[in-house]
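Coordinate analysis (summary)
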Amino acid sequence: MSDDSEPTDSKLTLSKRRWAAEGKFLTGRISRPETERLPPGQHLVKNWPVLDLGQQPVIALESWRLEVRGLVDHPLDLSWAVFQSLDHTSRLTDIHCVTTWSRYDNTWEGVSTRELLDHAMPKSEANYVMLTSYDGYTTNLPLADFAAEDAILATRWEGMPLSRDHGGPMRLVVPHLYFWKSAKWLHRIEFLTADKAGFWEKNGYHMYGDPWREQRYSEE
Ligand SMILES: Nc1nc2c(c(=O)[nH]1)N[C@H]1C(S)=C(S)[C@@H](COP(=O)(O)O)O[C@H]1N2
Ligand SMILES: [Mo]
């Protein structure tokens, strides 16, 4: 036994240190209590309510653009055709709206946020993203949450093109946060060092918005 070895170095503590170093048991998934699929204060709906600021923009696919700006190695200006040429995937996720409705098992198709990040290559100083939509809506979230395995830039829902009232032609879906973070009619993604409040975040809503911790309203 070497001198710097401490008496508490049992086989288990050594293993646990090694697990920490290796990130063992980290799935990369956002944890969600499997026994409590419905977050506190939520009720289940079967329909899909429409919620927005009341201006549903009409965006022709020929003029649609997705802009990626801020702290990235590769700023992007993606046309619809180029966006469609990116790798597509699907996700099956639940919706939790802060107005207390939840909707289970939504099938989305589109481009994963991780795929987009592989193209944009955020710089190491990028910690947050600010989303801006065609209706002028903004919302903010940490880059780590934008990059969640479940998160998708969705163009289809239940096998059909995403309808305009739900954010078509393309919206973000970040299932582990309240649905106001999931910008409809997404137009611009900006990478920032510091967090900045978006529309609802300036109007009394939480900067982060975790449904399982009921982070509905701002703490001030
Ligand atoms: N561009 C844009 N995105 C938006 C909103 C909005 O007003 N404009 N409202 C948010 C809110 S508060 C909710 S609950 C969801 C509603 O999405 P839905 O209408 O598809 O249910 O969109 C979010 N994304
Ligand atoms: Mo909402």
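Residues numbered from 1 in each chain as written. Chains lettered and ligands numbered in written order. Predicted model: local features only at pLDDT ≥ 70, side-chain atom pairs only at ≥ 80, totals over all residues. Heavy atoms only, no water.

1. A look at the sheet that holds strand β3 (residues 76-79)
The line we're drawing: A pair of strands is considered paired only if DSSP assigns at least 2 bridges between the two. Think of it this way: any DSSP run of H or I at least four residues long counts as a helix, any run of E at least two long counts as a strand, and we number them from the N terminus. To get an axis, a line is fitted to the C-alpha atoms, and for a helix only the part in contact is used. The angle between two axes follows their N-to-C directions and goes from 0 to 180 degrees.
Judged by pairing direction, the sheet is mixed, and its 5 strands sit side by side in the order β3-β2-β11-β6-β7 without closing on themselves. Each edge of the open sheet is held by one strand with a lone partner, namely β3 and β7 (138-142). When strand polarity is set aside, the average angle formed by the axes of neighbouring strands in this sheet is 15°.

2. What about the confidence of the model for the chain?
It should be kept in mind that the predicted coordinates are not to be read in detail where pLDDT is low. Selection rule: A residue's pLDDT is the confidence the predictor assigns to it, expressed on a 0 to 100 scale.
Of all residues in the chain, 84% attain a pLDDT of 70 or more, and the chain-wide mean is 91. Mean pLDDT values for the elements of the chain range from 63 in helix α1 (residues 11-22) up to 99 in strand β10 (residues 171-173).

3. Some remarks on the side chain of H176
Selection criterion: The cut-offs for exposure are 20% and 50% of the maximum accessible area for each residue type, with area from a 1.4 Å probe on protein chains only; residues under the lower value are buried, those over the upper are exposed, and the others partly exposed.
With respect to the element layout, H176 can be found in the loop between β10 and β11 (186-192). On the basis of relative accessibility, which here comes to 8%, the residue H176 falls in the buried class.

4. Notes on the site of ligand 1
Formally: If even one non-hydrogen atom of a residue comes within 4 Å of a molecule or strand, that residue is called near it. Any N or O atom pair separated by 3.5 Å or less is treated as a polar contact, with the protein-specific requirement of one donor-capable and one acceptor-capable atom, and with residues adjacent in sequence counted only for side-chain atom pairs. Note on areas: these come from Shrake-Rupley sampling with a 1.4 Å probe, and a residue is covered only by the protein chains present in the view. Here the term charged refers only to Asp, Glu, Lys and Arg, the term nonpolar to Ala, Val, Leu, Ile, Met, Phe, Trp, Tyr, Cys and Pro, and the term polar to all other amino acids, Gly among them.
Contacts to ligand 1 come from 20 residues, most closely from P49, D135, H166, R171 and K184. One of the backbone N or O atoms of P49 is found 2.7 Å from an oxygen atom in ligand 1. One nitrogen or oxygen atom from the main chain of L53 is found 2.9 Å from an oxygen atom belonging to ligand 1. With the chains in place, 97% of the 540 Å² that ligand 1 exposes on its own is no longer accessible. Its residues assigned to classes, the shell around ligand 1 shows 13 nonpolar, 3 polar and 4 charged.

5. As for the side chain of S182
Cut-off, in case you're wondering: Residue contacts are defined here by distance: any two heavy atoms, one from each residue, within 4.5 Å place the two residues in contact.
Tracing the chain through its elements places S182 in the loop between β10 and β11. A distance of 3.0 Å separates a polar side-chain atom of S182 from the backbone nitrogen of V174. What S182 contacts, discounting residues up to four positions off in sequence, is R171, L172, V173 and V174.

6. Points about helix α3 (residues 113-120)
If you check which residues of α3 are buried, you get T113, E115, L116, L117 and A120. Just beyond α3, the residue with positive phi is M121, at close to 55°.

7. A look at the pattern of salt bridges
The condition is simple: Salt bridges are identified by distance alone: a Lys or Arg side-chain nitrogen within 4 Å of an Asp or Glu carboxyl oxygen.
Following the criterion strictly, the structure yields 10 salt bridges and no others. A salt bridge links D94 to R37; the shortest N-O distance between them is 2.8 Å. Of this pair, D94 sits in strand β4 (residues 89-96) while R37 is found in the loop between α1 and β1 (43-44), placing the two residues 57 residues apart along the sequence. Exposure remark for R37: the relative accessible area of 28% places this residue in the partly exposed category. The salt bridge partner of R69 is D77, with a shortest N-O separation of 3.0 Å. A relative accessible area of 48% places D77 in the partly exposed class. Connected through shared salt-bridge partners, R37, D94 and D105 make up one network.

8. Considerations on the packing of aromatic side chains
Each aromatic ring pair is described using two quantities: the centre-to-centre distance and the angle formed by the ring planes. The line we're drawing: Here a Phe, Tyr or Trp ring, Trp counted by its six-membered ring, pairs with any other such ring whose centre lies within 6.5 Å, and the pair is stacked when the planes are under 30 degrees apart, edge-to-face when over 60, and tilted otherwise. Criterion for a charge above a ring: Lys NZ or Arg CZ within 6 Å of the ring centre, and within 35 degrees of the ring normal.
According to the stated counting rule, one finds 13 aromatic pairs in the structure shown. Consider the rings of Y137 and F199, whose centres lie 6.2 Å apart with planes at 45°: the pair is tilted. Pair noted here: Y137 is in the loop between β6 (128-133) and β7 and F199 is in the segment after β11, with a separation of 62 residues, a long-range link. Under the relative-accessibility criterion, Y137 is labelled buried at 9%. One cation-aromatic arrangement involves R37 over Y104; the distance from NZ or CZ to the ring centre is 3.9 Å.

9. Remarks on the nonpolar core
The condition is simple: Residues belong to a common nonpolar core when they are buried Ala, Val, Leu, Ile, Met, Phe, Trp, Tyr or Cys residues joined through side-chain atoms within 4.5 Å.
F146 and F191 are the most contacted members of the largest nonpolar core, which totals 33 residues. Listed by contribution, the elements that provide at least two residues to this core are β2 (65-70), β3, α2 (80-85), α3, β6, α4 (143-146) and β11. Ignoring anything within four residues of it in the chain, the contact list for F191 reads V68, R69, G70, L71, V72, L117, P122, A126, Y128, V129, L143 and F146.

10. So, the environment of G110
Within the element layout of this structure, G110 appears in strand β5 (residues 101-112). Among the residues examined, G110 registers a relative accessible area of 0% and is labelled buried. In contact with G110, not counting residues within four places along its chain, are D87, H88, T89, I152, L153, A154 and T155.

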